[in-house]
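# Overview (structure and organization)
Now for the letters of each chain:
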Amino acid sequence: MKKLLLILLAGLIGLAAVVLYRTITFTPPALPPVAQNQERIAPEPIAERLSQAIRFPTISQQPPQPTDPAPFEGFIAWLETAYPEIHATLKRERINNHALLYTWAGSNTALKPILLTAHYDVVPVIPGTEKDWKYPPFDGVIAEGYVWGRGTLDDKGAAITIMEGISALLRQGYKPARTIYLSFGNDEEIGGDAGAGAITAHLQAQGVRLEWSLDEGSFVLDGIVPGVALPAASINVAEKGYLTLDLIARAAGGHSSMPPRETAVGILASALVKLQGSPVPGAVDGLTAESFGAMARHMSFERRMLFANQWLFAPVLNWALSQSPATNASLRTTTAPTMLSGSIKENVLPIEASATVNFRLHPRDKIDDVIAHVTKAVNDSRVEVRRRGFAQDASPVASTDSAGFRAMADAVRQVYGEVVVAPGLTIAATDSKHYQTISDNAYRFNPMLITPQDLTGFHGTNERLSLENLSRATRFYIELVKATAGG
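Anyway, here's the lowdown on the structure attached to this text.

### A closer look at the sheet that holds strand β17 (residues 464-466)
The strands making up a sheet associate through backbone hydrogen bonding, with each pair oriented either parallel or antiparallel. Here 3 strands make up an open sheet; going across it, the order is β4-β5-β17 and the pairing antiparallel. Of all the strands in the sheet, just β4 (142-143) and β17 have a single pairing partner and so form its edges. Relative to β17, strand β5 (residues 146-148) runs antiparallel, the two being bridged by 3 bridges. Opposite valine 147, over in β17, you have leucine 465 as the bridge partner. Lying over the sheet, helix α2 (residues 43-54) contacts β4, β5 and β17, oriented at roughly 10° with respect to β5. Against the sheet, helix α5 (residues 152-171) contacts β5 and β17, and its axis sits at roughly 45° relative to β17.

Spelled out as structure tokens, the structure:
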């Protein structure tokens, strides 16, 4: 017995030693130094131009409600006067009238071109919330160190700073070896088919294949990643897929005064409870492991211990990450019941009750896999699982070992200094779902720093972008172009 106890003790000591060693050595990798960009780009003129851009309410209305074309026409005309160098040098094409494609021809046609893109349409302001805005949402007020208004973060801020960066390069006399495309979609908020989709088709018809594309995605996150004190730049290398399913339960109708033991509504409710109780399995693997692993190396000893020893702590880690909606969304395909319908009258038993459930697909899952999971989880022949509308698998995962990704990481460090750079996953939909079809690698990143206080502005109230961010983002695009386009 004593010998057995000694063996167990030795095993525990050995286990603790392995865990301790792996944790101690789980530290940030040594990175080659990059020269800090000390150039100060005055943000005030950029802020004034973004302010002017915000004053065009380029709202994409949800069909069948019509979208007013006048603000789009106004914005396009304004761009010509705001950026004369670009319109004098680059070729501009209007695709489907309001989508814009600019071509800056490079001197070396053997090099694959690159694409910088943003969208200039915005979502509506929620009716009745206008009074909650500190400044009117379409006035573009410059105050308190910010430009305020709908579209500052999503995504006119990126469109304007791309134009600012390219204009600065033109004034410097820069001439790229690699062709550079700039594209600005006009309907990203409603799917992007007429904008980015049409631009993609146009380029594809010309035989264009991109080295990489860079679209909106994540940001430089300050105080947002739990346990990471440094700002964290999440350069997203993939985008979740999209699927909506209807669950349709059927039962005998009749008068509500004589209900059966189970009505269609009850059957449907049971199905939803079972479905939400059986989430699509998640794991810290593949892209998720690469993303969390890069961030975790900068965390406290206790958190590093969990990530460094997943062979031992995987169940604990998966459970902990599943508790937060943000980290859970990176871990797995998410399940979100969003709409319900039943009887046409309060005292009529419905013959049919339905629920609409939206899924955002992790790259490890396919559409058919999710449908099979739902059918198995519901496990009720009285409930039909029916696919609804548009669906798309997750995007391919772009390389983190490409020259493009390294240049983006270096440009972030040049502008922001000491930051954590990690690959990430875009959990919502972007125009990259179109551009990825003609790109060797599609990346999603906005080179602006945001804090928890900024998060409510996305599609919400008091959207704003700091003047410092305008300067930094412009510098980022300048550095990125110089590093990747040659010349």
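From this point, things continue past the structure.
### A word on the packing of α2 against α5
Taken N-terminus to C-terminus, the directions of α2 and α5 make an angle of 130°; their axes are 10 Å apart at the nearest point. Between α2 and α5, the crossing angle belongs to the class labelled oblique. For the element pair α2 and α5, the recorded crossing hand is right-handed. The segment α2 lies against α5, with Ile46, Arg49, Leu50, Ala53 and Ile54 engaging Thr152, Lys156, Gly157, Ile160 and Glu164. Partitioned by chemical class, the residues of the contact of α2 with α5 number 5 nonpolar, 2 polar and 3 charged.

### What about the sheet that holds strand β13 (residues 352-361)?
Pairing is antiparallel in the open sheet, where 4 strands are placed in the order β11-β13-β9-β14. The sheet terminates laterally at β11 (334-341) and β14 (383-387), the two strands that pair on one side only. Geometrically, the sheet is characterised by an average inter-axis angle of 25° between neighbouring strands, direction not taken into account. Where strand β9 (residues 241-250) meets β13, 10 bridges bridge the pair, whose relative direction is antiparallel. Considered in β13, the bridge of arginine 250 is made with glutamate 352. Sheet strands touched by helix α7 (residues 264-276): β9, β11, β13 and β14. Its angle to β13, the strand with the most contacts, is close to 20°. On top of the sheet, helix α12 (residues 367-378) reaches β9, β13 and β14; it is set at about 30° to β9, its chief contact.

### Points about the nonpolar core
Residues Ile166, Leu182, Phe184, Leu214 and Phe476 are the most contacted members of the largest nonpolar core, which totals 90 residues. Ranked by the residues each element gives to this core, the list is headed by α5, at 10 residues. Those residues in contact with phenylalanine 476 that sit more than four places away from it in its chain are Leu214, Met408, Ala411, Val412, Val415, Phe445 and Pro447. Counting residues in hydrophobic clusters, the runner-up holds 23 residues, among them Leu245, Leu268, Leu272 and Ile367.

### With respect to the pattern of salt bridges
Scanning all chains against the criterion turns up 22 salt bridges. The shortest N-O distance in the salt bridge between arginine 49 and glutamate 164 comes to 2.5 Å. Note that arginine 49 is positioned in helix α2 and glutamate 164 in helix α5, a separation of 115 residues in sequence. Salt-bridge contacts for aspartate 285 lead to arginine 364; the nearest nitrogen and oxygen are separated by 2.8 Å. In this pair, aspartate 285 is assigned in the loop between α7 and α8 (286-296) and arginine 364 in the loop between β13 and α12, connecting sequence segments 79 residues apart. Assessed through its relative accessible area of 32%, aspartate 285 is described here as partly exposed.

### Description of the side chain of serine 395
Residue position: serine 395 is located in the loop between β14 and α13 (403-416). The exposure class of serine 395 is buried, given its relative accessible area of 7%. Among the polar contacts listed, one links the side chain of serine 395 to the backbone nitrogen of glutamate 239, at a separation of 2.8 Å. What serine 395 contacts, discounting residues up to four positions off in sequence, is Ala238, Glu239, Gln436 and Arg444.

About the criteria used
- Residues numbered from 1 in each chain as written.
- Predicted model: local features only at pLDDT ≥ 70, side-chain atom pairs only at ≥ 80, totals over all residues.
- Heavy atoms only, no water.
- Pairing = 2+ DSSP bridges.
- Helix = DSSP H or I, 4+ residues; strand = E, 2+ residues; numbered from the N terminus.
- Contact = heavy atoms within 4.5 Å.
- Axes fitted to C-alpha atoms, helices over the stretch in contact; angles between N-to-C directions.
- Parallel < 35°, antiparallel > 145°, perpendicular 65-115°, else oblique.
- Left-handed = near helix turned anticlockwise from the far one by under 90°.
- Nonpolar A, V, L, I, M, F, W, Y, C, P; charged D, E, K, R; others polar.
- Core = buried A, V, L, I, M, F, W, Y, C linked by side-chain atoms within 4.5 Å.
- Buried < 20%, exposed > 50% of the residue type's maximum accessible area, 1.4 Å probe, protein only.
- Salt bridge = Lys/Arg side-chain N within 4 Å of Asp/Glu carboxyl O.
- Polar contact = N/O pair within 3.5 Å; in protein donor to acceptor, adjacent residues only side chain to side chain.

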